[in-house]
Amino acid sequence: MTLVEKIKARARVLPQRIVLPEGEDPRIVSAAAAIARDGYAKIILIGRKQTIDTVAADLHVALGDVAIADPSTSLRAEEYARIYYERRRARGVSLDEAREMSRRPLHFAALSVAAGDADGSVGGAANTTAETVRAALHAIGLAPEAKLVSSFFVMIVPERGELDLGPAGALLFADCAVVPDPSPEELAEIARATAENARAILDAEPRVALLSFSTKGSANNPCVEKVREALRILKARAPELTADGELQADAALVARVGNSKAPGSLVAGRANVLIFPDLNSGNIGYKLVERLGGAQALGPILQGLDRPANDLSRGCSAEDVANVVAFTALQAIARKEKTLEPQMHTDKHG
């Protein structure tokens, strides 16, 4: 099975409720029908039922047990408005403003996740990344252990002779969509969060490379020092992680080069998580690997939120939507398992 097929199979064991705010978009309707057939998530479409049913009929697809929620008539809207008001009143938002915001599809979807009516949301097919992230951040908020919202792409790369990408055949790239110029502290946080997601998605131990144009002191520059400082912070905060830097991309990925440029490194030549020093390099890098290297880029997947909420490219296909839903479902399962761990420990030793 491909990585995506494996993700869907794992999600199918415990289907999660995933809400899609752009429910009247033909791509979303088509994806919802496909997911319902495949059974790896329980879909909630946001929109007008009559419009959604018309779109489905035009596409000749059956929505089966897909749920539909209309913010303009939903009985949950008042509860969502109160949740939003409690989160945002310190910023000057009134209850009437919260009521208006809670009926906007992006916010309604994110608030349904915050309220526990859904396990995750996927939006952005018709909205910008900034709008999608803002709705999620305002409605759901940061996870207790997180310091910022960032993102990663899952890059499924064609086989190359010199690359050892493990059984998954994939890498995680971060941050390629959200944080323009991370500080050393933010870069360390992006690396920590991405490593945690790599463990869940790749079903393998993360090997984290903090990238630069320098490898182990081959150049000195404030840009390089930022990466070195990020590595120091990461090792202090998460000493159990296998992480190294600063590494050039070839040293991170190719064993022959890694052995030459960074002998003794546990990451060089074996990295499966690449952390870019800023959004310029990350965004350019993933697009080059996708367009010139023939990789499949899945994402951006958001991280750092208290509950899963993910973004789509406005140029996405129905297949892209279905794939991101699968990753979102897996994030939701991982979150629940993580939440249960302390309780299981207490039960075991209580």
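Report on the accompanying structure. (Residues numbered from 1 in each chain as written. Predicted model: local features only at pLDDT ≥ 70, side-chain atom pairs only at ≥ 80, totals over all residues. Heavy atoms only, no water.)

**What about helix α1 (residues 3-13)?**
Now for step 1: What α1 keeps buried is the set L3, V4, I7, K8 and A11. Taken around the axis of α1, the buried residues stretch over an arc of 135 degrees, which confines them to a single face. (Buried < 20%, exposed > 50% of the residue type's maximum accessible area, 1.4 Å probe, protein only. Helix = DSSP H or I, 4+ residues; strand = E, 2+ residues; numbered from the N terminus. Arc of directions from axis to C-beta.)

**Section: the packing of aromatic side chains**
Now for step 1: In the structure shown here, the tally under the stated rule is three aromatic pairs.
Now for step 2: Here F153 and Y286 contribute two aromatic rings whose centre-to-centre distance is 3.9 Å and whose plane-to-plane angle is 20 degrees, an arrangement assigned as stacked. You can see F153 sitting in strand β5 (residues 150-156) and its partner Y286 sitting in helix α12 (residues 279-291), a full 133 residues away along the chain. Judged on exposure class, the residue F153 and its partner Y286 are both buried. (Phe/Tyr/Trp six-rings, centres within 6.5 Å; stacked < 30°, edge-to-face > 60°.)

**Considerations on the packing of helix α4 (residues 77-88) against helix α5 (residues 95-102)**
Now for step 1: Closest axis-to-axis distance for the α4/α5 pair is 8 Å, and the angle between their directions is 120 degrees. Taken together, the axes of α4 and α5 are oblique relative to one another. Of the two possible hands of crossing, α4 and α5 adopt the one that is right-handed. The residues of α5 that touch α4, namely those facing A77, E78, Y80, A81, R82, Y84 and Y85, are L95, A98, R99, M101 and S102.
Now for step 2: For the contact of α4 with α5, the class distribution of residues is eight nonpolar, one polar and three charged. (Axes fitted to C-alpha atoms, helices over the stretch in contact; angles between N-to-C directions. Parallel < 35°, antiparallel > 145°, perpendicular 65-115°, else oblique. Left-handed = near helix turned anticlockwise from the far one by under 90°. Contact = heavy atoms within 4.5 Å. Nonpolar A, V, L, I, M, F, W, Y, C, P; charged D, E, K, R; others polar.)

**Structural notes on the sheet that holds strand β8 (residues 242-247)**
Now for step 1: In spatial order, the strands read β8-β7-β9-β6-β5-β10; together these six strands make up an open sheet with mixed pairing. Only two strands of the sheet have a single partner each, and these edge strands are β8 and β10 (296-303). If you compare each strand with its neighbour and ignore which way they point, the axes differ by 20 degrees on average.
Now for step 2: Bridge count for strand β6 (residues 170-174) against strand β9 (residues 273-275) is three bridges, and the pairing is parallel. (Pairing = 2+ DSSP bridges.)

**Let's talk about the nonpolar core**
Now for step 1: Grouped together as the largest cluster of nonpolar side chains are 64 residues, with contacts concentrated most on I43, L45, L63, V154, L210, I275 and V325.
Now for step 2: In contact with V154, other than residues within four places in its own chain, are L3, A170, L171, L172, I201, Q296, A297, L298 and F327.
Now for step 3: In this structure, I46, A98, F108 and A114 belong to the second largest nonpolar core, which totals 25 residues. (Core = buried A, V, L, I, M, F, W, Y, C linked by side-chain atoms within 4.5 Å.)

Purely geometric stuff here, so don't read any function into it on its own.
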